[in-house]
Every structure is written in structure tokens, then in C-alpha cells.
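Inside the fold
Now for the letters of each chain:
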Amino acid sequence: MDEPNSQSHPFAWDYLGPDLTELILSHLPIRSIVRSAAICKLWHSIVTGPAFARRVSAAKKPWFFLYGQNNIFSKNNQAFAFDPEADEWIKLPISLFPFPSSQEESFVGSGGFFFTTTSSRFSYAPILGGAWRRTAPLRFSRCNPLVGVFGSGSEFGSGLCRFIVVGGVRFIGGLVDIEDRLAVEIYNPNSDSWDLCPALPADFRSGNSSQWLSSALFRGKFYVFGINSFLVSAFDLNNHFWSEVQTLRPPGVLFSFLIACQDQLVLAGLCNSPPRGPSFNLWKIDEKTMEFSEIAIMPQELLHYLLDSDEDDKLASLKCVGLGNLIYVFIEEHHRNYPACVCEISSGKCSWRRVPNLMVPGNRFHKVISFCSTIPLANILRGAGEEFGPGQAIH
């Protein structure tokens, strides 16, 4: 694409001025913004400016990530990200990811960061850009913990954020240590140190890894919720104590997920209440009383698209993640290429739609890791911007 000027284009971009040009560029999808930096010097200076990057990162909707791990053939590992504003999937370069090599190693994303944990180390990196950093060892080693990011600037990868690591399991000789403590630790990147906090309540002992738990960071509290047990408790990030464990289960729910959606907590779950049959519902949760009120039901045609049968294995493969005002529901099924739909909550209204199919067939995975995260534009420009430019193998 040629540099825009008044002679080669009927519309003279130079007459807009930098402020209006900046406003227009800010409304593009992130991948288009990255590419626009190569158009001309003015656009490059705007896009790479720190203030523009911070404003764009704060305004853009979080992306939905699918990360597939094949335990036998690592070449079959794949990673995809869905940009809801561009309404497209992006196949991410495997070089950006340290794919786990054993059951004792796990990967997760949260708050603008990727994380890996093993029995001996904990590492993190800004999403889609930047070097991996290994922290001081956790006091209690674990695999598949819940991880949250909080503190000033935590959404955009600044050094002022902290990480909370909750639960997880420990392996001894390849077997899970069922007597392991339900440890909670908070990491301070500035001092490279871990603070041991009150343990996760013992009620969660039967399922204390991310496989059985969902979490939500909301108004200074880190909520932990049992997907199948329906138990919920919140950790106060300022005063370091757990709230009383309660049961949060609307009638007819088979399993559910707790999600922080902008200014509210939302419970998303699959119900099977006769005579209506299966339905996927959303409830708004009162953070003080833990009372719930229904706000939406997925249209039946979308549920039928996700669940082509009501067999138990099909129901168990349904997963849900969300952030901001978006809630994604998808099926971990290789032969159907991981179908998904999304609900957007805006001004008290819920709008459902199908997510486009993956642009390439997804491989068969032994484990699928899913999460939503904000996308710090500065990290992409600094670390992985070339992967989003013209001529690269990202579709």
C-alpha cells in the first residue's frame, strides 16, 4: 500500500491532522492497527506512541484464546486467538508459546500475561510479546493452579501488578499428592518474592485445580468457584482473608462457571430442567448476598449448534470463559473443529451469536486450554508485531 497523499488519493489524509487520524486508527482492529504502522511516518509515530497504545489497549474487547496440547506429537500443538472486533480467528505462531511437555507442567493466560507452572518453577511473559521471566520458586510447588493478575496497570503488563496463585496439585512419582496443602501465594515482580497467604478453604480439597475450579477477579476480590461442587469463596486481596464458603446453585444446574463481566459477577451454566430440557443460562450474582437472578438464556438454535446430542460426554465437553462484556461458550470436540458462540452484555441486554469456524482444521488435542485476556498493543509492537504484518503466515 502506497503512502497516503493528496496526489495519489482523492481524499487528502494530510488534511485530517494527527488528532483525527489517531481517532480513526484507534477504531481499527488490533491487527489492522499493527499493520497500519508500516503505511507512513505519521501513522507509525501515532501507533507506536505510548499514550495511543495504552488507550487502545483499554478500549479493545478481550480476545478469546484456544491453546491445544498433544502429548504424543508436539508438532500437532496449535494456538488460536479470536478477535471479536475483527470477527476473525488468528492462528498464532507456535514460537510464542512454551508448550507443556508433561502432565506436571501447565499453561494458562490471564490479565495480559501467559504463565507456565511446574513442580520446580513459575514463569510469565506478556501476551503476544516480550521475554519469558522465571520467578523465584513457589513455596509450594503445584500444577494447574488458578492464576490472577491484579494491581495498578495489571491489564497492560506494567511492573506494578501482582500475581495470585491459588490451589493446584502436586505430583509425587507421577501421582497426585492428595494430602497437599491448598496453598495460596502472591508474587511481587518488583522484589521477585512470594508471600504465603491463608490457604484455600478445606471445602475445596476434593477438586482444587483449574480443571475443577473457575475464578473471577472482581472489585478487589479473587473468587473461587467449584464448577461441579457449586461452592464459592472470595479472597480479599487487600486484607488477605477468605470469605465464608457458600453454595451457589440455581435450580436445575448441572455445572457452571463464575465470570467477572465489567460491573457484575455472572454465573453461566448448563441446566436440564424438565419439560424445557437442556438450556444454557446466565445469572447476575449479588456479590454481598450471593443471590442470583436470571439475565439471559442462550437461543435454542445456538445450543443445538453446540450440542448435537445430549449424551453425557457431549455435555461434559462444554466449556465457558469470559471477560469484559463477553462470554464465550464452546465445545472441546476435535471432529467438529471446536464450535463456539459468544454472548455480549451491553446496557443490560444480552446478544448471542455464533463465532466463525476456525480458519484451519484444529488438530486432535489431549488437552485444550481456554481463556480470555486483554491485549496490550505495546507488547505486540515491541515483541511480536512482525507476526501480524503483511506476508506472515497468520491467516
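Reading guide: rules and limits
Residues numbered from 1 in each chain as written. Predicted model: local features only at pLDDT ≥ 70, side-chain atom pairs only at ≥ 80, totals over all residues. Heavy atoms only, no water. Patch = residues over 30% accessible without salt bridge, like charges linked within 9 Å, V, L, I, M, F, W, Y side chains within 5 Å. Areas by Shrake-Rupley, 256 points an atom, 1.4 Å probe, with all protein chains shown as cover. Salt bridge = Lys/Arg side-chain N within 4 Å of Asp/Glu carboxyl O. Helix = DSSP H or I, 4+ residues; strand = E, 2+ residues; numbered from the N terminus. Pairing = 2+ DSSP bridges. Buried < 20%, exposed > 50% of the residue type's maximum accessible area, 1.4 Å probe, protein only. Axes fitted to C-alpha atoms, helices over the stretch in contact; angles between N-to-C directions. UniProt positions renumbered as here; feature names shortened; annotations may be inferred. Polar contact = N/O pair within 3.5 Å; in protein donor to acceptor, adjacent residues only side chain to side chain. Contact = heavy atoms within 4.5 Å. pLDDT = per-residue confidence, 0-100. Arc of directions from axis to C-beta. Phe/Tyr/Trp six-rings, centres within 6.5 Å; stacked < 30°, edge-to-face > 60°.

Where nonpolar side chains cluster on the molecular surface, the patch consists of Leu20, Leu23 and Ile24 and spans about 240 Å² of accessible area. Assignment of secondary structure puts isoleucine 24 in helix α1 (residues 17-26).

Taken together, four strands build an open sheet; the order of strands is β4-β5-β6-β7 and the sheet is antiparallel. A single partner strand is all that each edge strand has here, and the edge strands are β4 (106-110) and β7 (133-134). With two bridges joining them, strand β6 (residues 122-126) and β7 adopt antiparallel strand pairing. In the strand pairing of β7, tyrosine 124 is matched with arginine 133.

In this structure, strand β24 (residues 340-346) lies alongside strand β25 (residues 349-354), joined through six bridges in antiparallel fashion. Its bridge partner lying in β25, cysteine 343 is registered against tryptophan 352. In this structure, the hairpin formed by β24 and β25 is closed by a connection of two residues, where serine 347 is found at a positive phi of approximately 55°.

What follows covers unusual backbone geometry. Non-glycine residue methionine 290 carries a positive phi angle of around 65°. Tracing the backbone through its elements, the reader meets methionine 290 in the loop between β20 (277-285) and β21 (292-297). For serine 347, which is not glycine, the phi dihedral falls at a positive 55°. With respect to the helices, strands and loops of the structure, serine 347 is situated in the loop between β24 and β25. On the basis of relative accessibility, which here comes to 74%, the residue serine 347 falls in the exposed class.

Strand order in this open sheet of four strands is β8-β9-β12-β13, and the pairing throughout is antiparallel. Only two strands of the sheet have a single partner each, and these edge strands are β8 (146-150) and β13 (193-197). The mean inter-strand angle of the sheet, taken between neighbouring strand axes irrespective of direction, is 25°. Of the pairings in the sheet, the one linking strand β12 (residues 184-188) to β13 comprises five bridges and is antiparallel in character. Within the sheet, the bridge partner assigned to tyrosine 187 lies in β13 and is tryptophan 194.

In this section: the UniProt feature "domain: F-box" (unreviewed entry) in the protein. Annotation from UniProt places "domain: F-box" (unreviewed entry) at residues 16-52. Annotated as 73% helix and 0% strand, the span residues 16-52 places its first and last C-alpha atoms 17 Å apart.

Positionally, asparagine 281 belongs in strand β20. Reaching out from asparagine 281, the side chain makes a polar contact with the side chain of serine 279 at a distance of 2.8 Å. Here asparagine 281 is in contact with Leu267, Ala268, Gly269, Cys271, Arg276, Glu294, Ala296 and Ile297, once residues within four sequence places are set aside.

Bringing the pattern of salt bridges into the picture now. Two side chains bearing opposite charge may form a pair once their charged atoms approach each other closely. Going through the model one piece at a time under the given rule, you end up with six salt bridges. We note a salt bridge from arginine 31 to glutamate 88, for which the minimum N-O separation is 2.7 Å. Residue arginine 31 is found in helix α2 (residues 30-36), and its partner glutamate 88 is found in strand β3 (residues 88-91); the two are separated by 57 residues along the sequence. Given a relative accessible area of 26%, glutamate 88 falls into the partly exposed group. Taking the shortest distance from any N to any O, the salt bridge between glutamate 85 and lysine 60 comes out at 3.1 Å. Taken as a pair, glutamate 85 in the loop between β2 (78-83) and β3 and lysine 60 in the loop between α4 (50-59) and β1 (63-69) lie far apart in primary sequence, 25 residues in all. A residue is classified by how much of its surface remains accessible, and glutamate 85, at 32% relative accessible area, is partly exposed.

Take the confidence of the model for the protein next. Model confidence for the protein is summarised by a mean pLDDT of 82, while 83% of its residues fall at 70 or above. In this model residues 154-158 is a low-confidence stretch, pLDDT under 50, and it forms 15 contacts with partners more than four residues away in sequence or in other chains. Low pLDDT, under 50, characterises residues 384-395; the predicted model gives this stretch 32 contacts beyond four residues in sequence or across chains.

So, about α1. Looking at α1, one finds that the buried residues are Thr21, Leu25 and Ser26. Looking straight down α1, one finds that the buried residues subtend no more than 135° of arc, so they occupy a single side. For α1, the secondary structure elements touched by its buried residues are α2, α3 (41-47) and α4.

Moving on to the packing of aromatic side chains. Enumeration over the complete set of coordinates arrives at 25 aromatic pairs. Residues phenylalanine 113 and phenylalanine 163 carry aromatic rings whose centres are separated by 5.2 Å and whose planes lie at 70° to one another, so their mutual orientation is edge-to-face. Of this pair, phenylalanine 113 sits in strand β5 (residues 113-117) while phenylalanine 163 is found in strand β9 (residues 162-166), placing the two residues 50 residues apart along the sequence. With relative accessibility at 3%, the residue phenylalanine 113 sits in the buried group. Each residue in the set Phe113, Phe115, Phe122, Tyr124, Phe163, Tyr187 and Trp194 is aromatic and connected to the rest through ring pairs, giving one cluster.

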